[in-house]
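# Observations on the three-dimensional arrangement
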Protein chains: 2
Amino acid sequence: MRLHHVGIAVEDLEAAKARYLLLGYRVVAEGEVPAQGVRVALLEAEGETLLELLAPLAPETPVGRFLAKRGPGLHHLAFATRDIEGELARLKAAGARLVDEVPRPGFGGHRVAFLHPSFGLGVLWELVEA
Amino acid sequence: MRLHHVGIAVEDLEAAKARYLLLGYRVVAEGEVPAQGVRVALLEAEGETLLELLAPLAPETPVGRFLAKRGPGLHHLAFATRDIEGELARLKAAGARLVDEVPRPGFGGHRVAFLHPSFGLGVLWELVEA
């Protein structure tokens, strides 16, 4: 596997985009994932690992609750796999607590699945089929 | 710039290494940075972005205080640059609050500098000369 992106919870998407532009990042995709209550901007720089800025569409959403509890900041790590069902089965057999037993549609048309942060020792892990 | 590594605060370095081995990561370097009061394990998988596991050597260290306040989890983003003084000057001129006005030695012999997380909108940014 490789690190596909780092998810970052932000309060103001425009302000956050401007801040990462200072580091040489550019916006390669942007849109809403209504099922997750989130607006997403995907940023790319020289390397292959992307940054995914996440702004909540409402307070009572996963990212809205994260912001209320912890404030803006690093939110999750997403790892790319070519076989998401296979990886989920393998990690479940290794003791992982899965948030998503089956993959669901994520941003950009990729299938994704989250693991419970207790398994990532405080880090929310996402698998992305890519 | 590109994303050089993601720093992750952990309570138990051996347990964390074992967890990331499940994702295909391997330890490529490990050692202590006494000046920062931290033991570091650098992990690599297929991609170029590394994971840097950080375990405190004592409670009264930056990572020890982070763990006491927020628990284990994502700690910082490190961006690679070939000209760390030039980048620091450029970011300072853009309004950045610098933790390190001049680079200092980091893990693995790289020169590093941290920016205040308020400038990263809740994300601790590190520059790494690499």
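Residues numbered from 1 in each chain as written. Chains lettered and ligands numbered in written order. Predicted model: local features only at pLDDT ≥ 70, side-chain atom pairs only at ≥ 80, totals over all residues. Heavy atoms only, no water.

## Quick notes on unusual backbone geometry
A positive phi is found at A:L121, a non-glycine position, where the angle reads about 50°. Relative to the elements of secondary structure, A:L121 occurs in the loop between β7 (111-114) and β8 (125-129). (Helix = DSSP H or I, 4+ residues; strand = E, 2+ residues; numbered from the N terminus.)

## Overview of the pattern of salt bridges
Side chains that carry opposite charge are capable of pairing whenever their charged atoms lie near each other. Residue and element names in this part refer to chain A. Under the criterion given, the structure shown has 22 salt bridges over all chains. A salt bridge links E44 to R26; the nearest nitrogen and oxygen atoms lie 3.3 Å apart. Pair noted here: E44 is in strand β3 (residues 38-44) and R26 is in strand β2 (residues 26-33), with a separation of 18 residues, a long-range link. E60 serves as the salt-bridge partner of R65, at 3.2 Å between the closest nitrogen and oxygen. When its relative accessible area of 43% is taken as the criterion, R65 is described as partly exposed. Linked by salt bridges that have partners in common, E14, K17, E30, E32 and R39 make up one network. (Salt bridge = Lys/Arg side-chain N within 4 Å of Asp/Glu carboxyl O. Buried < 20%, exposed > 50% of the residue type's maximum accessible area, 1.4 Å probe, protein only.)

## Section: the interface of chain A and chain B
Accessible area lost when the parts come together is the quantity often used to give the size of an interface. Listed as interface residues are 36 residues of chain A and, on the opposing side, 36 residues of chain B. At the boundary of chain A with chain B, total buried surface from both sides reaches about 3,300 Å², with 65% on carbon and sulfur atoms. Three residues, A:L23, A:L74 and A:L121, lead the burial of chain A against chain B; their summed loss comes to 20% of the area buried on that side. For the interface between chain A and chain B, the tally reads eleven residue pairs in polar contact (both at pLDDT 80 or more). At the level of elements, β1 (2-9), α1 (13-21), β5 (73-81) and α3 (84-93) of chain A are the ones that each hand at least two residues to the side of chain A that touches chain B. With six residues, β5(A) is the single largest residue contributor to the side of chain A that touches chain B. (Contact = heavy atoms within 4.5 Å. Buried area = accessible area lost by both parts, 1.4 Å probe. Polar contact = N/O pair within 3.5 Å; in protein donor to acceptor, adjacent residues only side chain to side chain.)

## A word on the relation of the copies chain A and chain B
The transform that puts chain A on chain B rotates by 180° and translates by 0.0 Å along the axis, for an RMSD of 0.0 Å. The symmetry that links the two subunits is that of a two-fold axis. Rotation axis and chain A: the residue whose C-alpha lies nearest the axis is A:L74, separated from it by 3.1 Å. The overlap is high: 100% of the interface residues of chain A also sit at the interface in chain B, so the same surface is used on both sides. (Least-squares fit on C-alpha atoms with pLDDT ≥ 70 in both.)

## Topic: the UniProt feature "domain: VOC" (unreviewed entry) in chain A
The positions that UniProt labels "domain: VOC" (unreviewed entry) are, in the present scheme, residues 2-130 of chain A. The distance from the first to the last C-alpha atom of residues 2-130 of chain A is 10 Å, and the span holds 22% helix and 39% strand. (UniProt positions renumbered as here; feature names shortened; annotations may be inferred.)

## Observations regarding the packing of aromatic side chains
As enumerated under the stated definition, the model contains ten aromatic pairs over all chains in all. Centre to centre, the rings of B:Y20 and B:Y25 are 6.3 Å apart; their planes meet at 85°, and the pair counts as edge-to-face. According to the relative accessible area criterion, B:Y20 is buried, its value standing at 1%. Here the aromatic residues A:Y20, A:Y25, B:F79, B:F119 and B:W125 are joined through ring pairs into a cluster of three or more. The ring centre of B:F119 lies 4.3 Å from the NZ or CZ of A:R19, which sits over that ring. (Phe/Tyr/Trp six-rings, centres within 6.5 Å; stacked < 30°, edge-to-face > 60°. Lys NZ or Arg CZ within 6 Å of the ring centre and 35° of its normal.)

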